[in-house]
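Notes for the structure review
The lines below spell out each chain.
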Amino acid sequence: WDEALAPFSVRRPCYLADLRNAPEADIQRNQHTLTLTNNGPQMQLFLDGVRYIWGHETPEAALTLPVGELVEFNVTDGLHLHVFHSHVNPSQIISTDLEDPWYKVGDWHDTIFAGVADKFVIRQNLDYFTGRIVMHCHLLTHEDNGMMLYWNITGQEGTRYPAKEKLDPTCYEGSFPDKKYWGQ
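All of these numbers come straight from a predicted model, not from anything done at the bench.

Let us now look at the nonpolar core. Generally speaking, nonpolar side chains in soluble globular proteins are found buried as a group. Judged by nonpolar contacts, the single largest core of 29 residues is most densely connected at Leu34, Leu47, Phe73, Phe120, Leu149 and Trp151. Among the secondary structure elements, those contributing two or more residues to this core are β1 (31-39), β2 (42-47), β4 (63-66), β5 (69-76), β10 (119-126), β11 (131-137) and β12 (148-154). Contact partners of Phe73, with chain neighbours within four places excluded, come to His32, Leu47, Leu63, Phe120, Val121, Ile122, Gln124, Met135 and Trp151. Counting residues in each nonpolar core, the second largest holds eight residues, with Leu16, Ile27, Tyr161 and Ala163 among its members.

The following block contains the structure:
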């Protein structure tokens, strides 16, 4: 396949508004470092330097974050060995050292298998849903060996990130965009 894909744009739902230009103050509140490692048979996740291993008992929540805000993860070390996955909220790639057409800065992903990448910075819009959110390696043997954690999203269910329309004035709420943007 030698043909280059022509650039195009689409209207996205507001939960997928482009977060790359989010106000710095919105990001600084919830910045975290996530490290994925393989040290022997035990798979490990480190969040902000604290080791999390999910064994036979349910651990404490790794984070408590408010609904309707952004969270940023600087994912380092181990992405070439693991498949990063977070339930409920997709991740937007903010920066990466990877040169891969599948993982471009600005793209949204549910799961990231980064091959030879050493680091990614991703952001999530913690829009609408509250409760426990699981983050784990999507390789089943790694997950089964404890490579997962969860955090709590707290606050009023249904709360939306307030700056989403400023970041993307064409984003829409609900199932489908308004007809005015369909050229009708």
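With that settled, consider the state of the cysteines. As enumerated under the stated definition, the model contains one disulfide in all. For Cys14, the disulfide goes to Cys171, at an S-S distance of 2.0 Å. Classification of the bridge connecting Cys14 and Cys171 rests on its S-S torsion, roughly 85°, and on that basis the disulfide is right-handed. Note that Cys14 is positioned in the segment before α1 (24-28) and Cys171 in the segment after α3 (164-167), a separation of 157 residues in sequence. Each member of the pair, Cys14 together with Cys171, is buried.

This part is about the pattern of salt bridges. Throughout the structure, instances matching the rule amount to eight salt bridges. One salt bridge in this structure joins Arg29 and Glu69, with 3.2 Å as the shortest N-O distance. With Arg29 in the loop between α1 and β1 and Glu69 in strand β5, this pair connects stretches of sequence that are 40 residues apart. Notably, a salt bridge pairs Glu173 with Arg160, separated by 3.4 Å at the nearest N-O pair. Of this pair, Glu173 sits in the segment after α3 while Arg160 sits in the loop between β12 and α3, placing them 13 residues apart in sequence. Judged by relative accessible area, Arg160 falls into the partly exposed class, the value being 32%. When salt bridges that share partners are traced, they join Asp127, Arg160, Lys164, Glu165 and Glu173 into one network.

Thresholds, definitions, all that
- Residues numbered from 1 in each chain as written.
- Predicted model: local features only at pLDDT ≥ 70, side-chain atom pairs only at ≥ 80, totals over all residues.
- Heavy atoms only, no water.
- Core = buried A, V, L, I, M, F, W, Y, C linked by side-chain atoms within 4.5 Å.
- Buried < 20%, exposed > 50% of the residue type's maximum accessible area, 1.4 Å probe, protein only.
- Helix = DSSP H or I, 4+ residues; strand = E, 2+ residues; numbered from the N terminus.
- Contact = heavy atoms within 4.5 Å.
- Disulfide = S-S within 2.5 Å.
- Salt bridge = Lys/Arg side-chain N within 4 Å of Asp/Glu carboxyl O.

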